[in-house]
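Listed below are the residues making up each chain.
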Amino acid sequence: MEILRQAIMCNADVGVITYDWVDTFIDPFPDLNMYKKCRNPNKVVDWLNRHALHIDRDHLGRLGDEVPLAMPPDATQLPQWEHTKAYHGSG
């Protein structure tokens, strides 16, 4: 769900790209000179909160054959969102 939210927030676009016939091209060429409107990220987050699947941690479990992935030494730890801290813990 988080990947879907990120994709929507980064790519949400309801614009229509028109194609024009241009003398120097064989096929119609896209007219990319258009007005763009950014989406309200708060509305996307509100939708996420209304449609999120909430599962108690007591109902989650490991299968036993997981391999822990170590963070690469040159990686940067990003801060967690407040709602993920409550679910995943503050570590």
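Worth saying up front: this structure is predicted, and the values here are computed from it rather than measured.

## Side note on the overall build of the protein chain
Here is step 1: A tally of helices and strands in the protein chain yields three helices and two strands.
Here is step 2: Across the 91 residues that make up the protein chain, the buried fraction comes to 3%.
Here is step 3: Taking the intrachain contacts of the protein chain between residues at least 6 apart in sequence as the baseline, contacts between residues at least 24 apart amount to 45%.
Here is step 4: With an accessible surface of roughly 8900 Å², the protein chain has 58% of that area assigned to carbon and sulfur atoms.

## Let's talk about the environment of Cys 38
Here is step 1: Locating Cys 38 in the fold gives a position in the loop between β2 (29-31) and α2 (41-51).
Here is step 2: Since its relative accessible area comes to 74%, Cys 38 is described here as exposed.

## Some points on the packing of helix α1 (residues 2-11) against α2
A pair of packed helices is captured by two measures, namely the crossing angle of their axes and the spacing between those axes.
Here is step 1: It is the contact of α1 with α2, at a shortest axis distance of 10 Å, that shows an interaxial angle of 160°. As far as their axial angle goes, α2 and α1 are roughly antiparallel. The way α1 lies across α2 gives a crossing that is right-handed. On α2, the residues that touch Arg 5, Ile 8 and Met 9 of α1 are Pro 41, Val 44 and Leu 48.
Here is step 2: Of the residues in the contact of α1 with α2, the class split is five nonpolar, no polar and one charged.

## As for the packing of aromatic side chains
Here is step 1: Summed over the entire model, instances satisfying the criterion amount to one aromatic pair.
Here is step 2: Seen in terms of ring centroids, Phe 25 and Phe 29 are 4.7 Å apart; in terms of plane orientation they differ by 25°. Their pairing is stacked.

## Re a nonpolar patch on the surface
Here is step 1: A contiguous nonpolar surface patch, about 360 Å² in accessible area, is contributed by Met 1, Leu 4, Ile 8 and Trp 47.
Here is step 2: With respect to the element layout, Leu 4 can be found in helix α1.

## Here's the deal with the environment of Arg 5
Here is step 1: Position of Arg 5 relative to the elements: it lies in helix α1.
Here is step 2: Residue classification places Arg 5 among the buried residues on the basis of a relative accessible area of 7%.
Here is step 3: Along the chain, Arg 5 and Val 44 lie 39 residues apart, while their C-alpha atoms are 7.3 Å from each other.

Cut-offs applied
Think of each chain on its own: its residues are numbered from 1, step by step along the sequence as written. pLDDT decides what is reported in this predicted model: residues at 70 or higher carry local features, side-chain atom pairs at 80 or more are listed and counted, and totals for whole chains, interfaces and linings draw on all residues regardless. Water and hydrogen atoms play no part in the side-chain values, which are based on all heavy atoms of the structure. By definition, any uninterrupted DSSP run of H or I lasting at least four residues is a helix, any uninterrupted run of E lasting at least two residues is a strand, and each is numbered from the N terminus. We call a residue buried when its accessible area falls under 20% of the maximum for its residue type, exposed when it is over 50%, and partly exposed in between, using a 1.4 Å probe and counting protein chains only. By definition in these notes, contact holds between two residues if any of their heavy atoms fall within 4.5 Å. All accessible-area figures derive from a Shrake-Rupley calculation using a 1.4 Å probe, and residue coverage is judged against the displayed protein chains alone. Convention adopted: a line fitted to C-alpha atoms gives each axis, helices being fitted over their contacting stretch, and angles between N-to-C directions are expressed from 0 to 180 degrees. Here is the rule for angles: anything less than 35 degrees is roughly parallel, anything more than 145 is roughly antiparallel, 65 through 115 is roughly perpendicular, and the remaining ranges are oblique. Crossing handedness is defined as follows: a turn of the near helix away from the far one that is anticlockwise and smaller than a right angle gives a left-handed crossing, while the clockwise case is right-handed. All residues other than Ala, Val, Leu, Ile, Met, Phe, Trp, Tyr, Cys, Pro, Asp, Glu, Lys and Arg, Gly among them, are scored as polar; the first ten of these are nonpolar and the last four charged. Think of it this way: a Phe, Tyr or Trp ring, Trp meaning its six-membered ring, pairs with another when their centres are within 6.5 Å, and the plane angle makes it stacked under 30 degrees, edge-to-face over 60, tilted otherwise. A patch consists of residues exposed above 30% relative accessible area that lack any salt bridge, with like charges linked at up to 9 Å and nonpolar side chains (Val, Leu, Ile, Met, Phe, Trp, Tyr) linked at up to 5 Å. For this document, the term salt bridge refers to a Lys or Arg side-chain nitrogen within 4 Å of an Asp or Glu carboxyl oxygen.

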